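# Structural overview
Below, each chain spelled out in residue letters.
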Amino acid sequence: MKAIEIRNKYLNFFKKHGHSIIPSAPVIPENDPSVLFNTAGMQPLVPYLLGQKHPSGTRLTDYQKCIRTVDIDEVGDNRHLTYFEMLGNWSLGDYFKEESIEMSYEFLTKELNIPAEKISVTCFKGDEDCPRDEVSYETWKKVGIPEERIYFFGKDDNWWIAGEEGPCGADTEMFYDTGKPKCSPECNPSCDCGKYIEIWNNVFMEFYKDKNGYSKLKQQNVDTGLGLERMAMILQGKETPFETELFSPVMKELEKLQKIDIIESRRIVAEHLRSSIMIINDGGRPSNVDSGYILRRLLRRMTRHLNKLEIDLDKLPEIIDISIDAIKEMYPELLDRKENIKKVIIDEKDKFIKTLKNGEREFEKVANRAKNSGKKVIETQAVFNLYETYGFPPEMTEELAKEQNLEVDMKDYQKLFKEHQEKSRLGSEQKFKGGLASTGEMEIKYHTATHLLNAALKVVLGDHVHQKGSNITPERMRFDFSHNAKMTDDEKKQVEDLVNKWISDKLDVTVEEMPKEEAIKTGAECMFIEKYPDIVTVYSIGNISKELCGGPHVKNTGDLGHFKIKKEEASSAGVRRIKAILE
Ligand code: SER
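Numbers given to residues run from 1 along each chain, matching the order in which its sequence is written. Only residues with pLDDT of at least 70 get local features here, since the model is predicted, and only at 80 or more are side-chain atom pairs given and counted; chain-wide, interface and lining totals rely on the full set of residues. Excluded from the side-chain calculation are hydrogens and water; included are all heavy atoms of the structure.

## Some thoughts on the nonpolar core
What counts here: What we call a nonpolar core is a set of buried Ala, Val, Leu, Ile, Met, Phe, Trp, Tyr and Cys residues that are connected through their side-chain atoms within 4.5 Å. The buried label applies to any residue whose accessible area, calculated with a 1.4 Å probe on protein chains only, is under 20% of its type's maximum; exposed applies above 50%, and partly exposed to all values in between.
The biggest cluster of nonpolar side chains holds 82 residues, and the ones touching the most others in it are Leu108, Trp140, Leu306 and Ile345. With 33 residues, the next largest nonpolar core counts Ala455, Leu457, Val499 and Leu560 among its residues.

## Here we look at the pattern of salt bridges
How we decide: By salt bridge we mean one thing: a side-chain nitrogen of Lys or Arg within 4 Å of a carboxyl oxygen of Asp or Glu. To qualify as a helix, a DSSP run of H or I must reach at least 4 residues; to qualify as a strand, a run of E must reach at least 2; elements of each kind are numbered from the N terminus.
Counting across every chain of the model gives 48 salt bridges. The shortest N-O distance in the salt bridge between Asp127 and Lys155 comes to 2.6 Å. Of this pair, Asp127 sits in the loop between β4 (119-124) and α4 (134-143) while Lys155 sits in helix α5 (residues 155-158), and the two are 28 residues apart along the sequence. What makes Asp127 partly exposed here is its relative accessible area of 27%. Salt bridges sharing common partners tie together Arg301, Arg304, Lys308, Glu399 and Glu403.

## What to know about the pairing of β4
Note the following rule: A pair of strands counts as paired when DSSP detects no fewer than two bridges linking them. Here a crossover is taken to be right-handed if, once the strands point away from the viewer, the path from the first strand over the helix to the second is traced clockwise.
Within β4, six of the six residues are buried, which leaves the element mostly enclosed by the surrounding structure. A two-sided burial pattern is seen for β4, the buried positions comprising Ile119, Val121 and Cys123 on one face and Ser120, Thr122 and Phe124 on the other. Here β4 pairs with strand β7 (residues 166-177) via four bridges, running antiparallel. In the sheet register, Ser120 faces β7, and the bridge partner there is Phe175. In this sheet, strand β5 (residues 150-153) lies alongside β4 in parallel orientation, the contact comprising four bridges. Counted as the bridge partner of Val121 is Ile150 from β5. Note that the unit made of β4, α4 and β5 has a crossover that is right-handed.

## Notes on the side chain of Thr537
The criterion, for reference: We call two residues in contact whenever any of their non-hydrogen atoms come within 4.5 Å of each other.
When you line up the elements, Thr537 lands in strand β15 (residues 535-541). For Thr537, a relative accessible area of 16% puts it in the buried group. With residues near it in sequence (within four places) discarded, Thr537 still touches Pro55, Val511, Glu512, Glu513, Glu547, Leu548, Cys549 and Gly550.

## Quick look at the site of the ligand
Definition in use: Nearness is judged by heavy atoms alone; a residue qualifies as near a molecule or strand once a single heavy atom is within 4 Å of it. Identification of polar contacts relies on pairs of N or O atoms within 3.5 Å, with a donor-acceptor requirement for protein atoms, meaning one able to donate a hydrogen and the other able to accept it, and with residues adjacent in sequence counted only if both atoms are side-chain atoms. Basically, the charged four are Asp, Glu, Lys and Arg, the nonpolar ten are Ala, Val, Leu, Ile, Met, Phe, Trp, Tyr, Cys and Pro, and anything else, Gly included, counts as polar.
Residues in close proximity to the ligand include Ala40, Met42, Arg68, Met86, Trp160, Asn201, Val203, Asp223, Thr224 and Gly225, which together make up its full environment. A distance of 3.2 Å is found between an oxygen atom of the ligand and a side-chain nitrogen or oxygen belonging to Asn201. One nitrogen or oxygen atom from the side chain of Asp223 is found 2.7 Å from a nitrogen atom belonging to the ligand. Among the elements that make up the shell around the ligand, the one with the highest residue count is strand β9 (residues 213-227) (three residues). Residue composition of the shell around the ligand, by class: five nonpolar, three polar and two charged.

## Some words on the packing of aromatic side chains
Definition in use: Any two rings among Phe, Tyr and Trp, with Trp reduced to its six-membered ring, count as a pair given centres within 6.5 Å; such a pair is stacked if its planes are under 30 degrees apart, edge-to-face if over 60, and tilted if neither. Think of it as a cone above the ring: NZ of Lys or CZ of Arg counts as a charge over the ring if it is within 6 Å of the ring centre and within 35 degrees of the ring normal.
By the definition in use, this model includes 22 aromatic pairs. Measuring from ring centre to ring centre gives 5.2 Å for Phe124 and Trp159, while their planes differ by 55 degrees; the resulting arrangement is tilted. With Phe124 in strand β4 and Trp159 in strand β6 (residues 159-161), this pair connects stretches of sequence that are 35 residues apart. The class for Trp159 is buried, based on a relative accessible area of 9%. Members of the aromatic cluster, each reached through a chain of ring pairs, are Tyr10, Phe13, Phe14, Phe107 and Trp200. Arg132 extends its terminal NZ or CZ atom over the ring of Tyr137, reaching a point 5.9 Å from the ring centre. The residue whose ring lies beneath Lys155 is Trp159, and the NZ or CZ to ring-centre distance is 4.9 Å.

So, in C-alpha cells, the structure goes:
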C-alpha cells in the first residue's frame, strides 16, 4: 500500500468515527518561539489539550508534517529520518483509553489488514505519579491481544511528554513483529534489535508537568501518533523507508549517477533533500540561526555527500525534480513552488561549494596535525575556524573527524562562540522544549505587537507587505515580511509612531470564529492558507487589523507598553526582518 493510500485510509477511518479532518500546520511553527519545528502532531494542538475550545470540535484527525533533528547524525543508517509525517487522532476531553484502543486495533487489523498475531503492545506499569494502566491492559485483552503479548514498562518507555514541561501522560504503544528471531530470551518490544517495530503510540494526556511536578489537566485527552513512512515500509514488506516509493526513485537516480558506491551517502542525500524541500516549502530559508541553521546544516551535509558519491553537482536540479515528483501526490502544493524551492537549494549549494574544497583541504591539515600529535583530537579553535572561514557546521567537522577515527574537542566551543551565541547549534537546539504551553505574559504581548506591526507596515510601505515569519522570546520580537528595499529611517519612525498610537488608543482585541472562506472574504490577513481548518479563529484589533490566528493575545492594546524598532535588515531575497522590543 502506498503512503498516500495509508494516509487517506487513516483520515477516512477517523472521519467515519466522528473526527473532523484538520490540515497540517507548517513544519516551522509560526508563533511558538519555544520550538524550531513541529516535532509531533500534538504540538500545534497544545492550547486545546490544555482546555481551549477547538473550532473543529472534540474529535480531530490529521497528518502533521514533522521534523526531528535530534537524530540528524544517525541519518544514513536504515531507519532514521529527520522529516516524517505523523498521522494522528485526538480526543479533546472526549473519548479516552477504551475507545481509543478499540479504534486503533480495528484500523490496524481491518483497514490495514495487519494479522493480529503480528501485534504486541506495551502499557504503563505505574509509579508514584500515576497508577498501573489496568484499563489499557483489560481493553487490549478484550479486543483480542493475548496476555503474553502485553508488556508493562515504566516512564522511560510508556510515558510521553514533548520536552520538559507540558501536557503528558501514560501511553500504550503498538509494535509490529517482523518475525525475526528474538535476539535473546528476554527480547521484547522495548529492545531495539529490530525484531519489534513501534507503529503507533496512544498517549493518554491527563497530566500537566512543570518544575513543581505533575498536576491533573482539566480534561482527559488522547493524542495518538502513527509514523507514516514506517507503516508504508512495513506494509510494502521493505526493510527500510528508502525502499518505499517516497525515496526509491531518488535512490535509484543517485545510484545511476554515482561514481563511488556508498549507500549511507545516498540515503543522507535522499533524506536531507526531502526534509529541506519540506522546510523551504513552509517558508524556511538557510541562515545562521534557529530553523534556518538546521536547514543550512541539512543542505551542506547533503552537498558534501553528493561530493563523496562523486556525483556531478550540476545534476542537482534533476535530482530535486525526482525528489519532488516522488512526493507530489502527497504534497501537491510543492508543484507551485517547485522553481522557488530549487533556487533556494541550489543557491545554498553554490554558496557552500565555494568554500567546501578549501575547507576540506584545511580539515586535512588539521586532521594530520591531530594524528601527529598522538592525541587524535581536533582542537576547538580549529572546529570554530572551519565554521567561521569555510562555513563548516561543527557537526560536519565532527562527522569528517569520525571518518578518520578522530574526535573533536567541543569543550570551549561555546566560549568561542559567545559573541555568536544566537548562531550556535546548542543555542538553537535548546529550543526543542515545551510548546505554546510555556507562552508567558511577555510573549503574549509581543504576539499582539506583531499584528500591530504587520498592519503599520502595510500603511507605511504598501499592501504588498505580508508576514513571512515571526519569532518571539520574552525579550524581543522578530518579524519577517515581504518588501524589496531597506526601510529608510523616516519609514521606520512612521511605523513606530503608528504602532505606538494604536497602543495609546487602547484598542480592544476581539476574537471570532467563522468559516475560512468567509474570513478570507473579509480580507483577514493570513500566512499559509492551506494550513487553516475549515472553521478559523480571526483576531481583530479595533478596526486596524484582522488576522487568522490561533492566539493567544492581550485583551487591549493599552497593555503593551512602548514599541521600539531595534533593527531592520535583509532576511532573504525580497524579505526584510525587523527586531523590536516593548519597553
Ligand atoms: N505525541 C506522541 C508521539 O509523538 C503521540 O502522537 O509519539
